[in-house]
Structure formats: structure tokens, C-alpha cells
There are 6 protein chains.
Amino acid sequence: MGTGDVVLYLTKRVEFCASHRYHNPQWSDEENRRVFGKCNNLHGHGHNYVLEVTVAGEPSRQTGMVIDLDVLQKLMTEEVLDRFDHKHLNLDSPYFKERIPTSENLVQVIWELLAARVHGCRLHRLRLWEDPTLYVEYFGSAAG
Amino acid sequence: MGTGDVVLYLTKRVEFCASHRYHNPQWSDEENRRVFGKCNNLHGHGHNYVLEVTVAGEPSRQTGMVIDLDVLQKLMTEEVLDRFDHKHLNLDSPYFKERIPTSENLVQVIWELLAARVHGCRLHRLRLWEDPTLYVEYFGSAAG
Amino acid sequence: MGTGDVVLYLTKRVEFCASHRYHNPQWSDEENRRVFGKCNNLHGHGHNYVLEVTVAGEPSRQTGMVIDLDVLQKLMTEEVLDRFDHKHLNLDSPYFKERIPTSENLVQVIWELLAARVHGCRLHRLRLWEDPTLYVEYFGSAAG
Amino acid sequence: MGTGDVVLYLTKRVEFCASHRYHNPQWSDEENRRVFGKCNNLHGHGHNYVLEVTVAGEPSRQTGMVIDLDVLQKLMTEEVLDRFDHKHLNLDSPYFKERIPTSENLVQVIWELLAARVHGCRLHRLRLWEDPTLYVEYFGSAAG
Amino acid sequence: MGTGDVVLYLTKRVEFCASHRYHNPQWSDEENRRVFGKCNNLHGHGHNYVLEVTVAGEPSRQTGMVIDLDVLQKLMTEEVLDRFDHKHLNLDSPYFKERIPTSENLVQVIWELLAARVHGCRLHRLRLWEDPTLYVEYFGSAAG
Amino acid sequence: MGTGDVVLYLTKRVEFCASHRYHNPQWSDEENRRVFGKCNNLHGHGHNYVLEVTVAGEPSRQTGMVIDLDVLQKLMTEEVLDRFDHKHLNLDSPYFKERIPTSENLVQVIWELLAARVHGCRLHRLRLWEDPTLYVEYFGSAAG
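Below: a short report on this structure.

About the cut-offs
Position numbers for residues start from 1 in each chain and track the written sequence from start to end. Each chain takes a letter, starting from A, and each ligand takes a number, starting from 1, following the order in which they are written. Totals for whole chains, interfaces and linings use all residues, but because this is a predicted model, local features are given only for residues with pLDDT of at least 70 and pairs of side-chain atoms are given and counted only at 80 or more. Computation of side-chain values: all heavy atoms of the structure, hydrogens and water removed. In DSSP terms, a helix is any run of H or I states spanning at least four residues, a strand is any run of E spanning at least two, and both are numbered starting from the N terminus. Three exposure classes are used, based on accessible area relative to the maximum for each residue type with a 1.4 Å probe and protein chains only: buried under 20%, partly exposed in between, and exposed over 50%. In this description, contact between two residues means that some pair of their heavy atoms is separated by no more than 4.5 Å. Per-residue and other accessible areas follow the Shrake-Rupley method at a 1.4 Å probe size, with only the shown protein chains counted as cover for residues. A positive count includes Lys and Arg, and a negative count includes Asp and Glu. His and the chain ends are not counted in either. For the purpose of locating charges, the reference atoms are NZ of Lys, CZ of Arg, CG of Asp and CD of Glu. Least-squares superposition aligns the copies on the C-alpha atoms of those residues with pLDDT at or above 70 in both. Throughout this description, the term salt bridge denotes a Lys or Arg side-chain nitrogen within 4 Å of a carboxyl oxygen of Asp or Glu. Polar contacts, as used here, are pairs of N or O atoms within 3.5 Å; protein pairs need one atom able to donate a hydrogen and one able to accept it. Residues neighboring in sequence count only if both atoms are side-chain atoms. As a working rule, the residues Ala, Val, Leu, Ile, Met, Phe, Trp, Tyr, Cys and Pro are called nonpolar, Asp, Glu, Lys and Arg charged, and the rest polar, with Gly in that last group. When DSSP locates at least two bridges between a pair of strands, those strands are taken to pair. Axis geometry follows a simple rule: fit a line to the C-alpha atoms, using only the stretch in contact for helices, then measure angles between N-to-C directions, giving values from 0 to 180 degrees. In what follows, roughly perpendicular refers to angles from 65 to 115 degrees, roughly parallel to angles under 35, roughly antiparallel to angles over 145, and oblique to any angle outside these ranges. It is the rotation of the near helix from the far one that decides the hand of a crossing: anticlockwise by less than a right angle makes it left-handed, clockwise makes it right-handed. Only buried residues count toward a nonpolar core, which is a set of Ala, Val, Leu, Ile, Met, Phe, Trp, Tyr and Cys residues joined through side-chain atoms within 4.5 Å. It is the directions from the helix axis to the C-beta atoms whose arc is reported. Working definition: rings of Phe, Tyr and Trp (its six-membered ring) pair if their centres are within 6.5 Å, and the pair is stacked with planes under 30 degrees apart, edge-to-face with planes over 60 apart, and tilted otherwise.

The next thing to look at is the overall build of chain A. Along chain A, the regular secondary structure elements total three helices and five strands. Overall, chain A is about 60 × 30 × 25 Å in size when its C-alpha atoms are taken along their principal axes. Looking at the 144 residues of chain A, the share that counts as buried comes to 62%. Nonlocal contacts in chain A, meaning residues at least 24 apart in sequence, comprise 69% of its contacts between residues at least 6 apart. About 5900 Å² of surface is accessible on chain A, with carbon and sulfur atoms providing 50% of the total. Computed over 16 positive and 20 negative side-chain charges, the separation of the two mean positions in chain A equals 0 Å.

Set out below in C-alpha cells:
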């Protein structure tokens, strides 16, 4: 590590595909259809998500890197791809039993999973694309 | 229409999202998992599909166009988006009860749906992207 | 609304095409040509603009969303597409009678139009692409 | 040149921005609006066009190239960019006095301009993107 | 395999990065600089290449697929990535000792490597992007 | 210049290709291979870098611009393209004799080169893409 007077932000993108359904069990079917429209479809639908993970830190003098990319990629594979790729978010994961699997909620789940495992630099930002025209960004709850 | 000595190819892209599952009911669960891997996941997974529809013809002397874009877009909406967008290909459409919903099979289904409704020019090619690294192309059975 | 300790940023992209001309009426034709170059062309030229609208807020517990996407899309259509799509910025809108229709000025106009109509969350950032190599960002005058 | 038993296709992309208006002077204003819709807007609108020029030939044994890229780029600059970039297709060029400046017609004009100047290999295909969802392709009149 | 009356084209993209230098040893340094310009730089330069491999065939009735994607990806990894990714084309491979490592020549080398190993369908086309504005396509010598 | 109460951020993208090698001379060959993997390849490898330069300032009332784009492009050409395009970062520049030419280090070098020459507005951010899945951002040492 260096003297702390330089901060670099490094971002790695990864893609995964998943399906989901928006449905609030406290509402009637009519209310769900009215609010969620096509996203309420009983059998779900899916997306090719693109996740951008940004870490911040000072590059090492020895390696010139903020983080070892193999380490970062391993984290992203274990915490994100292994859990969500080629899966149904509502049915194949425990995270959306009581939350709607919107991108807003999914990105918070991913933050919790990744933040605990980033060492030597800090998780700065997640950007999650649901399709090429729509994305959410999250900077952790400290930013609230 | 013109004198037939000029052929222009016009392509319109549209995106839709859907989920699907690869499963051959004639096989055991083990065989399905071995052949289809993650695509055999019980609850399915999903994609943002991109469809490129190419029509061929001579531009009209009056309009300079091969096809009226509003007409083309209406066809694509009615035949493709209304059927497949925000849907589960296996469960929400009649086309994949006995066929695996691969991109190879889906593009043939879409060809049948669109070819019957293109008038004044001809359907030349469909290109269907399953994700940014994978696409199939189909030119109709005559090309076989 | 939630307890305010979580902020999510949601961005929606939309494309529109328009033409414009850079010309400062207080200058001579020579001065205009010298400063604005090809952008001073008498009959104008055009672009496919891409606008990214970012809103910030806490996701609703009921819907998991920062903003209803149908509402956001309606705002963007009424305030941006209906005014500027397939238009000449100088001649078909009242906003550039005394201002040069650069992306820097256009994004400020769009901010004023959108900020007044975003409710339940706040307009955080606009990013306006003039072409794939050039974009401007604006966070509202409070950021100045 | 080689022995003629190998054909390589090389494609170079270039971008230019221009404005245009669809209007058929033989029709009433009402008919023009009905057929061309927003594209009939009196003051025009514009696009960032992307042109892909494909030449075909055998790579030179000395250089390993189908065409000298500097030569190709010079042709594209002189014949396409110098004529159409930052211009109004109807008003700043002689080609659309009696033809509607659709992409179908523009690509034919560009073909005539480029084909006459490609030497040592042949012009094979032009692809012209009007926006990221719409493009036309032309292979010359011989393909008709 | 099916009855042969349907042909589907499936394309898979992969990216690799490599460096190279254009230099014809039969020429003087001056001639090399004149012809190859910056590409003649003594220490080479590099690119993120994107390779698109297209195979053609009839989808299997059992799997709905033209080719097993795991098999295709394995071929591409072994024949292309393992040989060229993170390598210097001139110095780390035997293929460019007497040929200039242009994209035109590289795509022919890749064709020979892949064509011999595609079974159950046929290699139809390779498209090799050198950068986002330049690509070559090759259909095998039979196309010549 | 204006009254300072409005800040616009303008970003221009440019692409260049270069090769490099990661090697720490204080380490053994084994250690270099273990840490840097394929990036330690003796003859180097290369990338198509994309650099995004963001400047911040108030648009001029006369021109509607934060910076004259011709001036910005000239800076980027002289300071970045002329130094690094079609070059080997380690061998053709003086900047990486004692630093590993990672994107983290390269972006700092570019910041020093550009910041000294931006006048009338300030350099706000550099974003450097090494490939379409990886980029670094730097806001200058003041941000540390």
C-alpha cells in the first residue's frame, strides 16, 4: 500500500442472465397487474444483467494495481454469478422471498454480499444494468 | 414499385426480454443436466433478446423506402413483442411445448410469424441475439 | 417511502434525433465560421442524441422501486421527445432564440423541464450524448 | 496481387452527422404528413449516420492487406465526409433535389461516389446506420 | 441431425488482446515506414481483437442446437485464446515469421486452425475486429 | 466566462492502441509470473484503450461551450495520441521505466500531461478503458 494521497477507482463488468417476477403478496392480483404491468407475468421473464463493480484505493507500488483482478473476478464469480446466473431470482435465491426483485433491491443484496469480502481497498459503487436503457447505482448505505 | 433492378436491404432492431428453460422430456433429469447444464435450471432463466428483421426490395420512387417503417414496426410489435416480451417462452406460448426454446428454434418460429405478413417486399433475414456474444441467423427454409 | 437511510440512483436512457445550427447573431459571418466551423453551416446538421435521466431516492417498500418507470417514461416523452424529437432545435423550439443550441445549453433546458415534474424522488443528473464520443453532464444549478 | 484463390472482405466504419427532410413535392402537405409523419417536419431533423464500407479482394503478399487503409480513408473522407458531414442532405447537396433523402436512397448515392474510385479490389457492400436500431445495406445494382 | 432442409447460422464472439508489428524484411526501413506508417513501430503495438465465429447447420431435434456451445467455446479457447491472447503475434507464434500479421492474414490462420476441428456442422464465416471501426471477414478459400 | 453559478461537465472520448508488459525487476521471474500471469509475457501484449477526458466549467455566454472542442482535441492528440498511440508503453515512453504500466498508473501519467494544459475550465475526471469490461477513473491527487 502507498501513502494514501492518491485514489484510483477501478471498475470490472460482468454479465449474468436471470429471470424474475414482480408480485406483492399483500396485494390483490388486480393491484399487482395495475402496478407492475407486464413484470407481474405469472411465469416471470428475464434479462441479461450487466453488473459493474467499482473499488477504490491506492495502487500498490509493487504491482501498480488497486486490486488483484483475479481476486476481484473470483469474488464476483462466487458471490454473484454462482448465486444468480441462469437462475430465477424469486425462486432460486433466498433474498426475494419478502422483497420485490427490482434492480434497486437486487443491487443492495449484491452490495451486502461483496462488501464483506473486499479487502485492501473498499467497495465504492455498484452499477447494475437491467437492459441497455436502464440501470441503477448504489454507493452503500453510508451514502444515504 | 420500381423496375426491379435495384435491391436494398433494410434492417430494424427491436429488443424484448423473456425467460426460458431447456428440457427434453424424453430424457432423464441426469441427461438433461448433462446436456443443457445451467440452461436446464428448473425455474428457468432469462435474456434481453435483440431481434434484427431484414427485408429486401426496391425502394418506392414516391417514398424512397423499401417498406413503411410504421408498418414494419407494427408487424414486429404484434407478432413478436406482444407474444414474447416479458413472457416465459415455454409456459406462455404454444410454440415450445415440443421443441426446446433455443435461439435456433425461436428464430424459426419468428420467421413463420413474420414472413406471412410482409407485403410489397420480402423477408430476407432474421438475426436473433441471445446476449452480446451470441446470435443466430436464419434466411428461411428456401436457403436450406 | 422508507426511512431515508438508503439512496438508490436510477437512470433511464432515451434517444431522439434533432438538427441544429451554431450561430451567434452578434458576430460577423466570418467570426461565426471561425469559431463554430462546420457547426455554423447555414442549413444546419443533426444528431441522434441520447439522454440519460438519473433520479435519486429510496426504493418504496411496496414496489421496490425509486420511481414508477411508466411515470418516468411519460415525463421524458412529454417534456423531451414531444418537444425535440425530429425537430430543428433553433427553429422548432423557443429555447434557442438567444442561446446557442450546444449540448451544454440543451441539457440545462431539459433539466428545467424535467426537474419541475419529478415527484417522490429528486432529479439527480442528466447526461446528454451528442454522438458516441461526446457527452455533457449536469447536476442542476445547486451543484455550481 | 495474389493468385485469386482467396477473397477477404475488409470493412471500415466512419460516422457523420447530417440533417434531412422527407417531402414529396408532387403531394399535398396533408399527404406528406400522412406518409412521412415526423420526418416531414418543415425544418428537418438529423442523425449521426454510421457508414460501413466493405471492399473485397485478395491480400497483397507484400503487405498482407486488401487495400491500403490510408487510401480507403482518404476516399471515404473526400467522397462522403466532405460532402455530407455537418450538412443538410436536401439543401447542401445536389443529390436529393428529386429524390427523398431516405437511407435507401443515400446509400445508393454513396455507392456511385465510392465505386468509381476503388482500385485494386472491388466495392462489395455498403451498410448505412441511421440510428442504432435501423440500417440499410446495398451491394450495387449488379446484385439486383 | 435433421433432414437437411433448414440451415441456421450461429455466431459466437470472443475477445483477445495481442500485440504485433508490420514489417517486411525484404524492404528497407524507409520503405517499411512509408508503407506501414505507425504500424511499423519497432516495439509493436496492440489491440483488443474481437473474433466472431459462425457455424452453419441444421439444429438437432433433441437439443434444438446447431452445435454444443461448450464444445464451440472449448475449440475457440484451445485454438485461438491459448495461442494468441496476451501474446505478440510476430514473436510468440510461428504463423507470422514470413507473413505480415494483418487482420487479413490472421483471420486466415484462425480459419485453418478452427475448420479442422468443427464437426457436425461447418465453419461458415469468421469476422475479426481489430478495433470498433475495422473488421475483416473470411469464408474459407472455397469462397474464392 | 459566466457568473460561476452553473457547472457543466463535458466528456470527450478518444481511442488509441498500445502494447505493454507487466514486470517488476525487483522480483524473480517466477514471482513475476505468479503475480502478473499472462500480463508478464516477455514480448508483451496490447489493447485498444479508450480514454474519456472530462472537463468542468461554466459554458461561455458567447459560444454556449465549456471548452472549444478543437482545442480539447488538439490537447488530447498532442499529449496522449502522439505519445502512446501505436506504441509500446514500456519501451517507447519514459514513464514506465520504474512503474508498471497498469491502467491505474497510465491514467495518472495522462492526468499530469493534460492537467497542465487545460485552461478556462478544469480537468475533472479521466476514465481509461483497457477493454470493454475494465476501466479506471482518476480525479487528480486532490481527490485523495
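Let us look at the relation of the copies chain B and chain A. Between the two copies of the chain lies a rotation about an axis combined with a shift along it. For these two chains of identical sequence, chain B goes onto chain A by a turn of 180° and a shift of 0.0 Å along the axis, with RMSD 0.0 Å. Taken together, the rotation and translation describe the operation of a two-fold axis. Residues of chain B ranked by C-alpha distance from the rotation axis are headed by G46(B), positioned 1.7 Å from it.

With that settled, consider the interface of chain D and chain E. Many structure descriptions define interface size as the accessible area lost when the parts assemble. The interface of chain D with chain E comprises 20 residues on the first partner and 24 residues on the second. Between chain D and chain E we count one salt bridge in total. With a closest N to O distance of 3.4 Å, E137(E) and R125(D) form a salt bridge. Where chain D meets chain E, there are eleven residue pairs in polar contact (both at pLDDT 80 or more). Broken down by element, the side of chain D that touches chain E gets its largest block of residues, six residues, from strand β1 (residues 8-20) of chain D. Classifying every residue of the side of chain D that touches chain E gives nine nonpolar, five polar and six charged. Pairing of β1(D) with strand β5 (residues 134-138) of chain E, which is carried by five bridges, proceeds in the antiparallel orientation. Its bridge partner lying in β5(E), Y9(D) is registered against E137(E).

Right, let's get into the interface of chain B and chain A. Each partner contributes to the interface: chain B provides 22 residues, whereas chain A provides 22 residues. One can count two salt bridges joining chain B with chain A. A salt bridge links D85(A) to K38(B), with the shortest nitrogen-to-oxygen separation between them at 2.8 Å. Applying the counting rule to chain B against chain A returns 15 residue pairs in polar contact (both at pLDDT 80 or more). Residue assignment for the side of chain B that touches chain A shows that the elements contributing at least two residues are β1 (8-20), β2 (45-57), β3 (87-88) and β4 (122-131) of chain B. Of the residues contributing to the side of chain B that touches chain A, the split by class is five nonpolar, ten polar and seven charged.

Residues and elements named next belong to chain E. Close contact between helix α2 (residues 69-84) and helix α4 (residues 103-115) brings their axes to 10 Å; oriented N to C, the two are set at 140°. The orientation of α2 relative to α4 falls into the category oblique. Relative to α4, the crossing made by α2 is right-handed. On the side of α2, the interface is formed by L75, M76, E79, V80, R83 and F84, while α4 contributes L106, V109, I110, L113 and L114. A class-by-class count of the residues in the contact of α2 with α4 yields nine nonpolar, no polar and two charged.

Turning to the relation of the copies chain D and chain E, a few remarks are in order. Least-squares fitting of chain D to chain E yields an RMSD of 0.0 Å, with the transformation described by 0.0 Å of translation along the axis and a rotation of 120°. On this basis, the relationship between the two copies can be described by a three-fold rotation axis. Relative to the rotation axis, the closest C-alpha in chain D is found at P132(D), a distance of 8.4 Å.

With that settled, the discussion passes to the environment of S103(D). Residue and element names in this part refer to chain D. Relative to the elements of secondary structure, S103 occurs in helix α4 (residues 103-115). A relative accessible area of 3% places S103 in the buried class. Expressed as a C-alpha distance, the spacing of S103 and L128, which sit 25 residues apart in the sequence, is 6.9 Å. Once you skip the residues sitting within four places of it in the chain, S103 turns out to touch Y22, Y49, L128, E130 and V136.

What follows deals with the pattern of salt bridges. As enumerated under the stated definition, the model contains 64 salt bridges over all chains in all. Across the salt bridge formed by R34(F) and E31(F), the nearest N and O atoms sit 3.0 Å from each other. Of this pair, R34(F) and E31(F) are both found in helix α1 (residues 29-36), three residues apart, which corresponds to roughly one turn of the helix. A single salt-bridge network, built from bridges that share partners, covers R13(A), E52(A), R127(A), E137(A) and R125(C).

Our focus in this paragraph is unusual backbone geometry. All names here are of chain B. For H86, which is not a glycine, the phi torsion comes out positive at approximately 60°. Position of H86 relative to the elements: it lies in the loop between α2 (69-84) and β3. A relative accessible area of 13% places H86 in the buried class.

All names here are of chain D. The buried fraction of β1 amounts to eleven of the 13 residues, a majority that puts the element mostly inside the structure. Bridging between β1 and strand β2 (residues 45-57) involves 13 bridges; their strand directions are antiparallel. Paired with Y9 across the two strands is A56, which belongs to β2. Where β1 meets strand β3 (residues 87-88), two bridges bridge the pair, whose relative direction is parallel. By the bridge assignment, A18 is partnered in β3 with K87.

Here we take up the nonpolar core. Counting residues in each nonpolar core, the largest one holds 105 residues, and the members touching the most others are F16(A), F16(C) and F16(F). Setting aside residues no more than four positions away along its own chain, F16(F) makes contact with H47(F), N48(F), Y49(F), L51(F), V80(F), L81(F), F84(F), D85(F), L106(F) and L128(F). With 104 residues, the next largest nonpolar core counts F16(D), L81(D), Y49(E) and I67(E) among its residues.

Look at any regular strand and the pattern is simple: side chains alternate between the two faces of the sheet. Residue and element names in this part refer to chain F. Burial analysis of strand β2 (residues 45-57) places 13 of its 13 residues in the buried class, the great majority of the element. Residues of β2 alternate between two faces, with H45, H47, Y49, L51, V53, V55 and G57 on one and G46, N48, V50, E52, T54 and A56 on the opposite face, all of them buried. Pairing between β2 and strand β4 (residues 122-131): seven bridges, direction antiparallel. Its bridge partner being in β4, V55 is matched across the sheet by L123.

To continue, consider the environment of D68(D). Residue and element names in this part refer to chain D. Assignment of secondary structure puts D68 in the loop between β2 and α2 (69-84). Residue classification places D68 among the partly exposed residues on the basis of a relative accessible area of 35%. In the structure, D68 is positioned 52 residues away from G120 in sequence and 9.8 Å away in space, judged by C-alpha atoms.

Residues and elements named next belong to chain D. Of all the residues in helix α1 (residues 29-36), the buried ones are N32, V35 and F36. Down the axis of α1, the sector holding all buried residues measures 80°, keeping them to one side. The outward face of α1, more than 90 degrees from its buried face, is lined by the exposed residues E30 and R34. Immediately beyond the C-terminal end of α1, within one or two residues, lies G37, with a positive phi of roughly 55°.

Further remarks concern the packing of aromatic side chains. Tallied over the entire structure, the rule returns 48 aromatic pairs over all chains. Centroid distance Y9(A) to F139(F): 5.6 Å. Interplanar angle 85°. Geometry classified as edge-to-face. One end of the pair, Y9(A), is in strand β1 (residues 8-20); the other, F139(F), is in the segment after β5 (134-138), on a second chain. The partly exposed category is assigned to F139(F), whose relative accessible area is 27%.

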